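Take a look at the letters that make up each chain.
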Amino acid sequence: MELKFKVGDPVTVASENPTGYPRTPRYIRGKRGVIGLVHGVLENVRDHRGIHKPLYTVRFDLSEVSTCHDQDSIWVDVHEEWLSGLRAEERN
Amino acid sequence: MSGKHGHKPFEGHMHDFEAHIRAVEEDLEYYRAKRFEPRIFYLIRRGVVTFSDLLNARVALKRSNQFFKPRKPQGKNIEARVRYLEEWLDEYVKGIALVSARAVEAMDMVTEDNRKERGDYDDFFKFKKKEHKGTLKERMVNVGRDLKDYQELLEVFVQALIKRGWSTRRELEQHWKQLHEERPWAGGVIVAKAWTDPAFKQALLSTGREALREMGVHQGKVGKLVVVENTDKVHNVVVCTLCSCYPYDILGDTPWWYKHESYRTKIVQNPRACLQAMFQLEVPAGKEVKVYDSTSDVRYFVLPERPSGTEGMSEEELAKLVTVDSLIGAGYALEPSQQKKAMKLGAAPESPRVRPD
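All of these numbers come straight from a predicted model, not from anything done at the bench.

### Concerning the overall build of chain B
Within chain B one finds 15 helices and 4 strands. Here the C-alpha radius of gyration of chain B, 21 Å, is about what a compact globule of 357 residues would show, namely 21 Å. Taken over the C-alpha atoms alone, chain B extends approximately 60 × 45 × 40 Å along its principal axes. Looking at the 357 residues of chain B, the share that counts as buried comes to 57%. Long-range contacts, defined as pairs at least 24 residues apart, comprise 75% of the intrachain contacts of chain B with a sequence gap of at least 6. Carbon together with sulfur atoms contributes 52% to the accessible area of chain B, which is approximately 16,200 Å² in total. Charge centroids of chain B, computed over 59 positive and 53 negative side chains, lie 4 Å from each other.

As structure tokens, this is what we get:
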């Protein structure tokens, strides 16, 4: 499967659940991050049936997902259908 | 005091009995309400067993055909009784692992089913957990009574599985024996090798499970394994904010607090404050804290920094310095002097218990 994103790409997480897949934590919905790791399509037959879209680990500044302003980061695994690329004018 | 790592309080004071009992209470309710009873409901819904099977199995139960053997405390002092409760809890969890393995196979269950069933995504389905009140003495009596009741349901469930032909007594006995085999904890073995063998470390960080196959360690099969390295610039921490994802197939069970809501919410809101408050861990200002929130397909553990004063130590000695907390990022690997002190107090890290699927 063609991968939509590569390491370093800025992305936004969807606010609403696009497919019903429940495992995208609420605190990152609608938030902006950067692709940190690319995993591609993973089979995990013990965990779920069928094949999911490619998986990425997205890096968020802590201050983007929390009220804490430490210069730290939160890395969350997110499937591709949840992510959209940022438009150029939205990039900081 | 002996006892598995999971019973230790946040800060590891070994004579803080209250903290030990709290850990037993928390873990016991977790395993009942999240790992065992939702699974019974799943199997009842699908007709694998029925309520009547369970009732009939209870009626037919005799001391002579009992699968789980009763235990007795070794001594009357508080330490002996705390240890007794801890060991009983471990047996209960092993019992769940035993029946889970069979049920999962028989029903073609996947973890996702279990998460739905136990209400990870929908509070409507959540099993209520018991609250614990009273003096320490009262709580110890209560938790002992709970263990007896919960164990009895497990016993009855095993009997019903046998009666319905989902398993045989012999098969279960063999598996039960395997669950009690002691082996060196893979976490310590893996980290010690990574500290001493740069080529292995490189392979571990870049290929995860593949590297474990080469070193002959059980490599598990739950999701992709990613190992993140602590350095003088980065301190990594692992959490699963949705449930309790963890490479348990390699490392065994997590400490109880990993599954607790307070850790799961606070660590992503204010990581430094959480590490400080729960584990007295002060991460230097010059290091970036990276928190990895696992959502099941990837399982993470932290490669801690090698402690100072360990030059020339063998892999076997180094493995003893590796704590479960240090692989989650809630602590550092022990320095040799700390490890000696812990040994003296009888608080040295032990292998985590097996964790049910």
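### Details of the overall build of chain A
Scanning chain A from terminus to terminus reveals 1 helix and 5 strands. For chain A, the N- to C-terminal ordering of α and β elements is β-β-β-α-β-β. C-alpha atoms of chain A, sized along the principal axes, occupy 40 × 25 × 20 Å. With 92 residues in all, chain A has 48% of them scored as buried. Pairs at least 24 apart in sequence give 58% of the contacts found in chain A among residues at least 6 apart. The positive charge centre, built from 13 side chains, and the negative charge centre, built from 14, are 4 Å apart in chain A.

### Examining the packing of helix H2 (residues 51-60) of chain B against helix H5 (residues 136-163) of chain B
All names here are of chain B. The N-to-C vectors of H2 and H5 enclose an angle of 105°; their axes lie 8 Å apart at closest approach. Put simply, H2 runs roughly perpendicular to H5. Along its contact with H2, which presents Asp53, Leu54, Ala57 and Arg58, the element H5 presents Glu152, Val156, Phe157, Gln159 and Ala160.

### Here we look at the packing of aromatic side chains
All names here are of chain B. Applying the stated criterion across every chain, the model contains 18 aromatic pairs over all chains. Measuring from centroid to centroid gives 5.1 Å for Phe68 and Trp176, while their planes differ by 75°, and the two rings are edge-to-face. Residue Phe68 is found in the loop between H2 and helix H3 (78-107), and its partner Trp176 is found in helix H6 (residues 169-179); the two are separated by 108 residues along the sequence. Each member of the pair, Phe68 as well as Trp176, is classed as buried. Measuring from centroid to centroid gives 6.1 Å for Tyr263 and Phe279, while their planes differ by 80°, and the two rings are edge-to-face. Of this pair, Tyr263 sits in helix H11 (residues 261-269) while Phe279 sits in helix H12 (residues 271-279), and the two are 16 residues apart along the sequence.

### Overview of H12(B)
Each turn of an α-helix holds 3.6 residues, which means side chains three or four residues apart point in the same direction. Of the positions making up H12(B), those classed as buried are Pro271(B), Arg272(B), Cys274(B), Leu275(B), Met278(B) and Phe279(B). One face of H12(B) carries all of its buried residues, which in axial projection span an arc of 165°. Residues of H12(B) that are buried sit in contact with helix H1 (62-65) and strand E4 (73-79) of chain A together with strand E2 (234-239), H11 and strand E3 (288-293) of chain B. Positive backbone phi, at 50°, marks Gln280(B), one or two positions downstream of H12(B).

### With respect to the side chain of Asn114(B)
With respect to the secondary-structure elements, Asn114(B) resides in helix H4 (residues 111-117). Other than its neighbours up to four places away in sequence, Asn114(B) contacts Lys34(B), Arg39(B) and Met109(B).

### Some thoughts on H3(B)
When the terminal C-alpha atoms of H3(B) are compared, their 43 Å separation across 30 residues agrees well with the 44 Å that a helix rising 1.5 Å per residue should span. Phi for Asp108(B), located one or two positions after H3(B), is positive at around 55°.

### Concerning the interface of chain B and chain A
In this assembly, 40 residues from chain B lie in contact with 32 residues from chain A. For the chain B face of the interface with chain A, the top three residues by lost area are Val110(B), Thr295(B) and Asp297(B), together amounting to 21%. In this assembly, chain B and chain A are joined by 5 salt bridges. Between Arg59(A) and Glu288(B) there is a salt bridge, with its nearest N and O atoms 2.8 Å apart. Taken together, the elements giving at least two residues each to the side of chain B that touches chain A come down to H4, strand E1 (224-229), H11, H12, E3 and strand E4 (298-303) of chain B. For the side of chain B that touches chain A, the element with the highest residue contribution is E3(B), accounting for 6 residues. Looking at the side of chain B that touches chain A residue by residue, the classes come out as 18 nonpolar, 8 polar and 14 charged.

### A word on the pattern of salt bridges
Under the criterion given, the structure shown has 37 salt bridges over all chains. The shortest N-O distance in the salt bridge between Asp61(A) and Arg59(A) comes to 2.8 Å. Residue Asp61(A) is classed as partly exposed on the basis of its relative accessible area of 43%. When its relative accessible area of 24% is taken as the criterion, Arg59(A) is described as partly exposed. Within this structure, Asp27(B), Asp90(B), Asp253(B), Lys259(B), Arg353(B) and Arg355(B) form a network of salt bridges that share partners.

Cut-offs used in this document
- Chains are numbered independently. Their residues run from 1 in the order of the written sequence.
- As they are written, the chains are lettered A onward and the ligands numbered 1 onward, keeping that order.
- Only residues with pLDDT of at least 70 are given local features in this predicted model, and only at 80 or more are side-chain atom pairs given and counted; all residues enter the totals for whole chains, interfaces and linings.
- For side-chain calculations, the full set of non-hydrogen atoms in the structure is used, while hydrogens and water are omitted.
- Runs of E in the DSSP output that reach at least two residues are strands. Runs of H or I that reach at least four are helices, and both are numbered from the N terminus.
- The globule rule used for comparison is 2.2 Å times the number of residues to the exponent 0.38, while the radius of gyration itself is calculated over C-alpha atoms.
- Residue burial is assigned from relative accessible area. The probe radius is 1.4 Å, only protein chains are included, and a residue is buried under 20% of its type maximum, exposed over 50%, and partly exposed in between.
- By the convention used here, residues are in contact when the closest approach between their heavy atoms is within 4.5 Å.
- To measure how exposed things are, a 1.4 Å probe is used in the Shrake-Rupley method; for residues, cover is taken only from the protein chains shown.
- Neither His nor the chain ends contribute to the count of charged residues, in which Lys and Arg are positive and Asp and Glu negative.
- The location of each charge is read from NZ of Lys, CZ of Arg, CG of Asp or CD of Glu.
- Axis lines are fitted to C-alpha atoms, over the contacting stretch for helices. Their N-to-C directions set the angle, which ranges from 0 to 180 degrees.
- Under this scheme an angle from 65 to 115 degrees is roughly perpendicular, one under 35 degrees roughly parallel, and one over 145 degrees roughly antiparallel; angles in between are oblique.
- Only centres within 6.5 Å qualify two rings of Phe, Tyr or Trp (six-membered ring in Trp) as a pair; their planes then separate them into stacked at under 30 degrees, edge-to-face at over 60, and tilted for everything else.
- Starting at the helix axis, one direction is taken to each C-beta atom, and the arc is that of these directions.
- Working rule for helices: expected span equals 1.5 Å times residues minus one.
- As used here, buried area is the combined drop in accessible area, with a 1.4 Å probe, of two parts when they are placed together.
- The term salt bridge refers to a side-chain nitrogen of Lys or Arg lying within 4 Å of a carboxyl oxygen of Asp or Glu.
- Residues are grouped as follows: Ala, Val, Leu, Ile, Met, Phe, Trp, Tyr, Cys and Pro are nonpolar; Asp, Glu, Lys and Arg are charged; every other residue, Gly included, is polar.

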